[in-house]
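So you can see what is in the structure, the chains are spelled out below.
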Amino acid sequence: MTLPATFELEQTEGPDMADSTKTYPVQPGIWLQAGISTEQEAHFHVYGPVGISLSRGAAEFAPGGLLSTGTYYNVFNYGKWKRICGDIPLELQLKGKGHFQLTVFQADRHKSWHKLVSEVVTLDGMYRHPVLVDEETPEESLLFFDLMALQDGELEDFAWATTAKPVRTPELMLSVTTFKREAEVEDTISRFREFLVDSAIKEHISMTVVDNGNSLKVEDGGGVEVIPNENLGGAGGFTRGLLRAREIGATHCLFMDDDASIQMEALSRTWWLLAYARDSRTAVAGAMINASHRWQIWENGAEFDLGCKPRYHGLDLRSRDAVFEMEYETTIPAPEDLYAGWWFFAFPVDKVEHLPFPFFVRGDDVSFSLVNDFDIVSLPGVASVQENFTDKASPMTWYLDFRSHLVHHLSLPEKQRSWVELQQMVLSFYQRNAMRFHYDTLSAINLAFEDVLRGPKFFDKHADMARRRTDLKALTRQEAWKPVVERPEELHGEKSRLIRAILLASLNGHLLPMGKKADADLTLSSSFRDDYHVAFGAKQITYLNADQSSAYVVRRSQKKFWRETIRLVRNTLRLRATYEENLRRWRDGYDQLTSDAYWTEKLKLDRDVTS
């Protein structure tokens with residue numbers, strides 16, 4: 001539910017503040033929303049007779065019913081706001097009707113909670129209550145409120161607000177890149193336009209959709225414009241969006257996937273933090289929530305060092321303790337190797353020194369975060385619901401992941417590693433696939449390795465990935481999904497600790513003469529696709545997709561194993577022999593291929609300038 005602008009920005013009066021001044025809703029409430037998240041425990045904890053209306057975004061109470069906002073979507077991270085924005089006066093704004101017990105809690109890390117507000121209040125429309133927080137409050141501090149009904153009542157909406165004036169007025173442009181996903185992006189556009197109607201920030205936020213497929217039938221207007229673009233992948237699309245942000249004078253740009261399922265209030269929360277942030281380098285990274293299990297974090301930011309390491313992977317958003325611990329830990333400044341996924345990343349345009357590298361997809365967001373000087377933060381409830389990476393995995397994605405991983409370490413001085421250290425990364429990619437008989441993927445990894453050794457000019461020449469997409473499709477033989485006629489039951493192998501150790505050392509039997517009696521046929525669901533430990537002792541594995549409508553079968557093959565293993569050894573030895581030369585080539589090439597001049601020519605903007 002979106003509150004009208006009068007609630008958000010105009011002068012209002014409440015029983016506790018007769019001399020009311022203009023207020024700014026720095027954190028509007030987020031309600032359950034069909035199609036995005038209806039996980040009630042991630043939004044509210046309710047006890048007793050309380051009903052949540054999904055259609056209206058409101059809560060109805062009978063006497064004794066209690067609603068608590070100590071949740072992922074609605075807790076207020078006061079410590080994070082204080083660190084980034086300084087001390088600002090706070091108030092809680094409620095809109096509804098009825099007689100309630102209002103309690104505002106301050107939950108500091110490693111301390112018992114205490115009450116900042118405990119009052120009986122009457123709601124009759126708009127109500128405001130100041131929340132006074134001690135200046136000596138520790139940095140790791142959260143605020144939330146409980147509302148218990150003393151009679152029948154209703155809560156229509158709520159927000160954490162301040163009377164302090166913003167430091168700046170961000171001009172935020174959403175940059176959405178799409179390719180042949182008309183239904184998803186049209187839904188995103190529709191929800192954005194609906195959000196703008198009553199938004200207090202509607203004059204300072206817009207959306208530009210870069211259409212790499214040249215297939216979108218959407219008229220400009222209502223805060224949205226569509227730009228046709230050559231298909232150079234996400235890197236080319238988001239670069240075009242960023243250049244457009246510069247053209248229209250946007251101060252901040254928000255990269256967002258075309259299928260990004262976000263609560264639109266996440267845009268407001270992002271905008272207000274950027275408005276109050278004292279450091280102009282502040283950027284906001286949205287979390288990714290697993291679309292298969294919408295109570296589960298896939299990652300809330302990630303770190304890169306010899307691999308991508310998602311933060312808080314698997315965290316249960318229904319658990320208050322887990323959510324609070326995540327918020328405490330993310331209050332402190334981010335580690336230097338933190339990067340933000342482009343499903344939701346808002347950043348200051350003037351801090352961009354390097355445009356995205358032409359990876360096509362996968363890895364461009366990693367290097368963009370690492371090479372540019374951003375102070376990346378996350379916020380409660382600012383998240384996109386997405387299909388998880390395990391379900392998306394294919395030889396193509398492994399190809400893209402491996403080559404970008406290797407390029408990061410060769411091109412970015414702060415990520416330079418010795419040849420020996422890089423072998424840890426190579427071994428990780430190799431082991432995870434050899435153990436699961438994914439020889440198509442091993443072939444794709446070897447191809448990626450060889451393409452990196454060809455140097456930056458290869459990436460420039462093949463920025464559209466047309467040739468490689470054809471090559472990778474041709475080599476994907478066993479790992480191609482096929483419809484399931486009759487859903488098989490899952491079958492996992494059980495091995496003793498000793499047998500598991502032997503199988504691990506022998507790369508799941510590849511280095512041993514495995515007899516038929518020792519072999520097994522396994523059937524595994526998508527959640528186990530990337531876990532080679534459950535594949536021990538198998539000779540054949542059937543993998544099912546998320547809804548078990550499709551599957552593919554892989555079988556152990558000594559011939560394919562040795563062919564790809566020997567090929568990988570040769571590639572690593574080639575890198576060792578030319579390591580210093582590759583460092584020099586890639587550092588020079590990275591600067592060139594992330595420059596304004598390069599992308600202006602690549603996107604043909606010198607011939608077709610969008611006004």
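Cut-off values and rules
Numbers given for residues are sequential positions, taken from 1 along each chain in its written order. Under the rules for a predicted model, residues below a pLDDT of 70 receive no local features and side-chain atom pairs below 80 are neither given nor counted, while totals for whole chains, interfaces and linings still include all residues. For side-chain calculations, the full set of non-hydrogen atoms in the structure is used, while hydrogens and water are omitted. Strands qualify as paired when DSSP identifies two bridges or more between them. Where helices and strands are cited, they refer to DSSP runs of H or I of at least four residues and of E of at least two residues respectively, numbered from the N terminus. Expected span, for any helix, means 1.5 Å times one less than how many residues it has. Three exposure classes are used, based on accessible area relative to the maximum for each residue type with a 1.4 Å probe and protein chains only: buried under 20%, partly exposed in between, and exposed over 50%. To pair, rings of Phe, Tyr and Trp, with the six-membered ring standing in for Trp, must have centres within 6.5 Å; the planes then decide the type, stacked if under 30 degrees apart, edge-to-face if over 60, and tilted in the middle. Axis lines are fitted to C-alpha atoms, over the contacting stretch for helices. Their N-to-C directions set the angle, which ranges from 0 to 180 degrees. Relative orientations are named as follows: roughly parallel for angles under 35 degrees, roughly antiparallel for angles over 145 degrees, roughly perpendicular for angles from 65 to 115 degrees, and oblique for any other angle. Left-handed describes a crossing in which the near helix is turned anticlockwise from the far one by less than a right angle; the clockwise case is right-handed. What makes two residues a contact is simply this: any of their non-hydrogen atoms within 4.5 Å. Charged means Asp, Glu, Lys or Arg here, nonpolar means Ala, Val, Leu, Ile, Met, Phe, Trp, Tyr, Cys or Pro, and polar covers whatever is left, Gly included.

Enquirer: Would you mind showing me how to read the sheet that holds strand E20 (residues 338-339) here?
Expert: Note on sheets: strands pair through backbone hydrogen bonds, and any given pair is parallel or antiparallel. Strand order in the open sheet made by the three strands is E19-E18-E20, with antiparallel pairing throughout. Looking at strand neighbours, the two that pair on one side only are strand E19 (308-310) and E20, the edges of this open sheet. As judged from the three bridges shared by strand E18 (residues 302-304) and E19, these two strands associate in the antiparallel manner. Its bridge partner being in E19, Phe304 is matched across the sheet by Cys308.

Enquirer: Is there a simple way to think about the sheet that holds strand E17 (residues 297-299) in this case?
Expert: With mixed pairing, the four strands of this open sheet are ordered in space as E14-E23-E16-E17. Edge strands, defined here as strands with exactly one partner in the open sheet, are strand E14 (261-262) and E17. In this structure, strand E16 (residues 287-290) lies alongside strand E23 (residues 383-386), joined through four bridges in parallel fashion. Counted as the bridge partner of Ile289 is Val385 from E23.

Enquirer: Even after reading the chapter, I still don't get helix H10 (residues 395-411), so can you show me in this structure?
Expert: Given 3.6 residues to a turn, an α-helix orients residues that are three or four positions apart in the same direction. Helix length check: H10, at 17 residues, gives a terminal C-alpha distance of 24 Å against a target of 24 Å (1.5 Å per residue), a fit within 8%. Most of H10 sits out of view: 16 of its 17 residues are buried.

Enquirer: What exactly am I supposed to notice about the packing of aromatic side chains here?
Expert: Any pair of aromatic rings gets described here by the distance separating the centres and the angle formed by the planes. Counted by the stated rule, this structure contains 50 aromatic pairs. Each ring, one from Phe255 and one from Phe347, has its centre 4.9 Å from the other, and the planes form 75°; the classification is edge-to-face. Of the two residues, Phe255 is situated in strand E13 (residues 252-257) and Phe347 in strand E21 (residues 344-348); the sequence distance between them amounts to 92 residues. By the burial criterion, Phe255 is buried, and Phe347 matches it.

Enquirer: How should I be thinking about the packing of helix H3 (residues 78-85) against helix H6 (residues 265-276) in this particular structure?
Expert: Packed helices, taken two at a time, are described by the angle their axes make and the gap between the axes. The N-to-C vectors of H3 and H6 enclose an angle of 40°; their axes lie 9 Å apart at closest approach. Between H3 and H6, the interaxial angle falls into the category oblique. Two packed elements cross with a definite hand, and for H3 against H6 that hand is right-handed. The segment H3 lies against H6, with Trp81, Ile84 and Cys85 engaging Trp272, Leu273 and Tyr276. The class makeup of the residues in the contact of H3 with H6 is six nonpolar, no polar and no charged.

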